[in-house]
Amino acid sequence: MSDTIHKYQAYVMTGFTKLQPIVVERARGAIVTDASGRDYIDCFAGISVVNAGHSNPEVVAAAKAQLDKLTHCGSYVYHVPVVADLAEKLAEIAPGARLRKTFFANSGAEAIEGAMKLARLFTGRHEYLSLHASFHGRTWGTLSITGNAGRKRRGGPYAPGIAFAAAPYSYRSPFPGDAEATAAYAIRSVEEAIAYSTTKDIAAMIVEPVMGEGGIIVPPASYFPALKRVLDAHGILLIADEVQSGFCRTGKMFAIEHFGIEPDILVMAKGIADGFPLGAFTARDEIAAAFQPGDHLSTFGGSPVSCAAGLANITYMQREKLAEKSRLLGEYAMGRLRSMGLPLVGEIRGLGLMIGIELVRDPAKTPAAEQAGAVRAACLERGVLIGVGGIHGNVVRLQPPLVIGKEELDRAITLLAESLAVVQTKTPAAARS
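So, here's what we can say about the structure.

Thresholds, definitions, all that
Residues numbered from 1 in each chain as written. Predicted model: local features only at pLDDT ≥ 70, side-chain atom pairs only at ≥ 80, totals over all residues. Heavy atoms only, no water. Helix = DSSP H or I, 4+ residues; strand = E, 2+ residues; numbered from the N terminus. Rg over C-alpha atoms; globule rule 2.2 N^0.38 Å. Buried < 20%, exposed > 50% of the residue type's maximum accessible area, 1.4 Å probe, protein only. Contact = heavy atoms within 4.5 Å. Areas by Shrake-Rupley, 256 points an atom, 1.4 Å probe, with all protein chains shown as cover. Expected span 1.5 Å × (residues − 1). Arc of directions from axis to C-beta. Pairing = 2+ DSSP bridges. Axes fitted to C-alpha atoms, helices over the stretch in contact; angles between N-to-C directions. Core = buried A, V, L, I, M, F, W, Y, C linked by side-chain atoms within 4.5 Å. Salt bridge = Lys/Arg side-chain N within 4 Å of Asp/Glu carboxyl O. Polar contact = N/O pair within 3.5 Å; in protein donor to acceptor, adjacent residues only side chain to side chain.

### Regarding the overall build of the chain
Line of reasoning, step 1. The secondary structure content of the chain amounts to 13 helices and 15 strands.
Line of reasoning, step 2. Taken over the C-alpha trace, the chain has a radius of gyration of 21 Å; the compact-globule value for 433 residues is 22 Å, and the two agree within 12%.
Line of reasoning, step 3. Counting only C-alpha atoms and orienting by the principal axes, one finds that the chain spans roughly 60 × 55 × 45 Å.
Line of reasoning, step 4. Burial analysis of the chain (433 residues in total) assigns 54% to the buried set.
Line of reasoning, step 5. For the chain, long-range pairs separated by at least 24 residues make up 73% of all intrachain contacts whose partners lie at least 6 apart in sequence.
Line of reasoning, step 6. As displayed, the chain offers around 18,800 Å² of accessible surface, 55% of which is attributable to carbon and sulfur atoms.

### Concerning unusual backbone geometry
Line of reasoning, step 1. Note the cis peptide between G156 and P157, where omega equals 5°.
Line of reasoning, step 2. Relative to the elements of secondary structure, P157 occurs in the loop between α6 (140-144) and β6 (162-165).

### Observations regarding helix α4 (residues 82-93)
Line of reasoning, step 1. In a regular helix each residue adds 1.5 Å, so 12 residues correspond to 16 Å; α4 covers 16 Å between its end C-alpha atoms and thus fits that length.
Line of reasoning, step 2. For α4, the full list of buried residues reads V82, V83, L86, A87, K89, L90 and I93. Projected onto a plane normal to the axis of α4, the buried residues spread over an arc of 160° and lie on a single side. Opposite the packed face of α4, turned more than 90 degrees from it, sit the exposed residues E88 and E92.
Line of reasoning, step 3. On its buried face, α4 is in contact with α3 (57-69), β4 (101-105), β9 (265-268), β10 (279-283) and α10 (304-319).

### Structural notes on the sheet that holds strand β14 (residues 387-389)
Line of reasoning, step 1. On the basis of which strands lie adjacent, the open sheet formed by four strands has the order β11-β12-β15-β14 and antiparallel pairing. Each edge of the open sheet carries a strand with a single partner, namely β11 (345-351) and β14. Going across the sheet, the axis of each strand differs from the next one's by a mean of 25°, ignoring polarity.
Line of reasoning, step 2. Examined bridge by bridge, strand β12 (residues 354-359) and strand β15 (residues 395-398) share four bridges and lie antiparallel to one another. Each residue of the ladder has a partner; that of E358, found in β15, is V395.

### Structural notes on the side chain of T142
Line of reasoning, step 1. In this fold, T142 is placed in helix α6.
Line of reasoning, step 2. Not counting residues within four places of it along the chain, the set of residues in contact with T142 comprises A109, I112, E113, H136 and G137.

### A few points about the nonpolar core
Grouped burial of nonpolar side chains is what soluble globular proteins tend to show.
Line of reasoning, step 1. Core analysis: the largest hydrophobic core is formed by 97 residues, its most contacted members being L90, V190, M205, Y223, L227 and F247.
Line of reasoning, step 2. Beyond its immediate sequence surroundings of up to four residues, V190 is in contact with L129, A165, M205, Y223, L227, V230 and L231.
Line of reasoning, step 3. L118, L237, F281 and A290 belong to the second-largest nonpolar core, a separate cluster that totals 23 residues.

### Some details on the environment of V388
Line of reasoning, step 1. Examined against the element boundaries, V388 turns out to sit in strand β14.
Line of reasoning, step 2. The contact partners of V388, leaving out residues within four places of it in the chain, are A372, R376, G393, V395 and R397.

### Comments concerning the side chain of S189
Line of reasoning, step 1. Mapped onto the fold, S189 is located in helix α7 (residues 179-195).
Line of reasoning, step 2. Accessibility expressed as a relative area gives 16% for S189, which makes it buried.
Line of reasoning, step 3. Setting aside chain neighbours within four positions, we find S189 in contact with A165 and A166.

### Considering the pairing of strand β3 (residues 39-42)
Line of reasoning, step 1. Examined bridge by bridge, strand β2 (residues 31-34) and β3 share three bridges and lie antiparallel to one another. In the sheet register, I31 faces β3, and the bridge partner there is I41.
Line of reasoning, step 2. Remark: four residues form the turn of the hairpin made by β2 and β3, two consecutive strands paired antiparallel; G37 in that turn has positive phi of roughly 95°.
Line of reasoning, step 3. The pairing of β3 with strand β13 (residues 384-385) spans two bridges and is parallel. Within β13, the position partnered with D42 by the bridge is L385.

### Some thoughts on the pattern of salt bridges
Line of reasoning, step 1. As enumerated under the stated definition, the model contains 22 salt bridges in all.
Line of reasoning, step 2. One salt bridge in this structure joins D3 and K7, with 3.6 Å as the shortest N-O distance. One end of the pair, D3, and the other, K7, are both in helix α1 (residues 2-11), four residues apart, so they sit about a helical turn from each other.
Line of reasoning, step 3. By relative accessible area, which is 45% here, K7 ends up partly exposed.

### Details of α7
Line of reasoning, step 1. Over its 17 residues, α7 extends 24 Å from the first C-alpha to the last, a length consistent with the 24 Å expected when each residue adds 1.5 Å.
Line of reasoning, step 2. Residues A181, T182, A183, A186, I187, S189, V190, A193 and I194 constitute the buried set of α7.
Line of reasoning, step 3. N-capping of α7 is provided by D178, with a side-chain oxygen placed 3.4 Å from the backbone N of E180.

### Some points on the sheet that holds strand β7 (residues 202-207)
Line of reasoning, step 1. Taken together, the seven strands give an open sheet; going across it, the order is β4-β10-β9-β8-β7-β5-β6, and neighbouring strands pair in mixed fashion. Each end of this open sheet is capped by a strand with a single partner; those strands are β4 and β6. The sheet shows a mean angle of 20° between the axes of neighbouring strands, direction not considered.
Line of reasoning, step 2. Here four bridges tie β9 to β10, and the two strands are oriented antiparallel to one another. When the bridges of β10 are listed, M268 appears paired with A280.
Line of reasoning, step 3. Packed onto the sheet, α4 meets β4, β9 and β10 and runs at close to 125° relative to β4.
Line of reasoning, step 4. Packing against the sheet, α7 makes contact with β5 (127-131), β6 and β7, and its axis sits at approximately 155° to β6.

### Quick look at the pairing of β11
Line of reasoning, step 1. Here β11 pairs with β12 via six bridges, running antiparallel. By the bridge assignment for β12, I348 is matched with I357.
Line of reasoning, step 2. Counted between consecutive antiparallel strands, the loop separating β11 from β12 contains two residues, among which G352 sits at a positive phi close to 55°.

By themselves, these are just geometric observations and shouldn't be taken as functional.
The following block contains the structure:
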């Protein structure tokens, strides 16, 4: 184990300040096992990736079967049959009835950049709208449209032609506790960003239906219908970034379904293939037709192996009703967490098994970022993997594999509560006042 850590330190380039001090050897379902044989309950799912569980046997079997037939032949030929089959399946499960044609990439950031290009080509416009607190990837283009300043340090200057509007973040809006006022405030911010655009040249607005890295921010129910009306009135496309919130994570196949609207372009990755590298964006026929020969290409995008895994993954999710399971377990988990009177907790929020616990030090909602990091470390000591995010770094994130058992989830919640209590006792009184 120490040899692996030494080799990482010597040879692996990473943007993480500090990797979690475990060496993972294998994983199954919602359990990760390190090189010493110790088990951990995974409540982060590889950053919301292995929604159907680590090493899902059906997904692995599909990938192995494809490996025996064909690994790669290039995107300039037809592949039989899994690439087209997966595209057909995505058209079937996409929200609404008009999202039909898919371009395959390798990652979320790559898929978002492709969607941005497609929006420009279709509209003939060149600018974008995004939200404060948003996160869309770590490439230069996706960081340009990211509204989370903490993710943009040292990488600029970024692309011009990006305007940002207020996020529908009820807990920290000027109208805390008033969802409708928060939604109206956020919509006015979008309208102002459009009105004050210097060129009136906005091609698309990109929005996460549930903001992941921003701290599991769930918009009020009225936000997206109102937003779509505003964008349609100005001929601006809506790109739904479902990279983190898609594939049953929130209790629906896609989080945008909670709000009853159909985006113009849908972007997917992470949970699409249960750990195999794959990204995609799906659009209406007339929008997809904006791509002319040579406009866009990906050497490895639409890998037959990843597409076979993706197809098996979606089949498994539908048969096992993982969206419904996610909804029920998420409601249960949030209900139990809210009933426990946990220390340091300002708000518990989420949809399905995409849950955020915002930690604060006082009634003034001072972000408890240091405590959030300490809670993650305390959970690790107790055998639970969690995430930490939010624009202030103070939101504990629970996003386990959707196949997690109720007993495993209960144990993880108990250990999280224990970790919060331990951290709270170590926090100086002055920091809690």
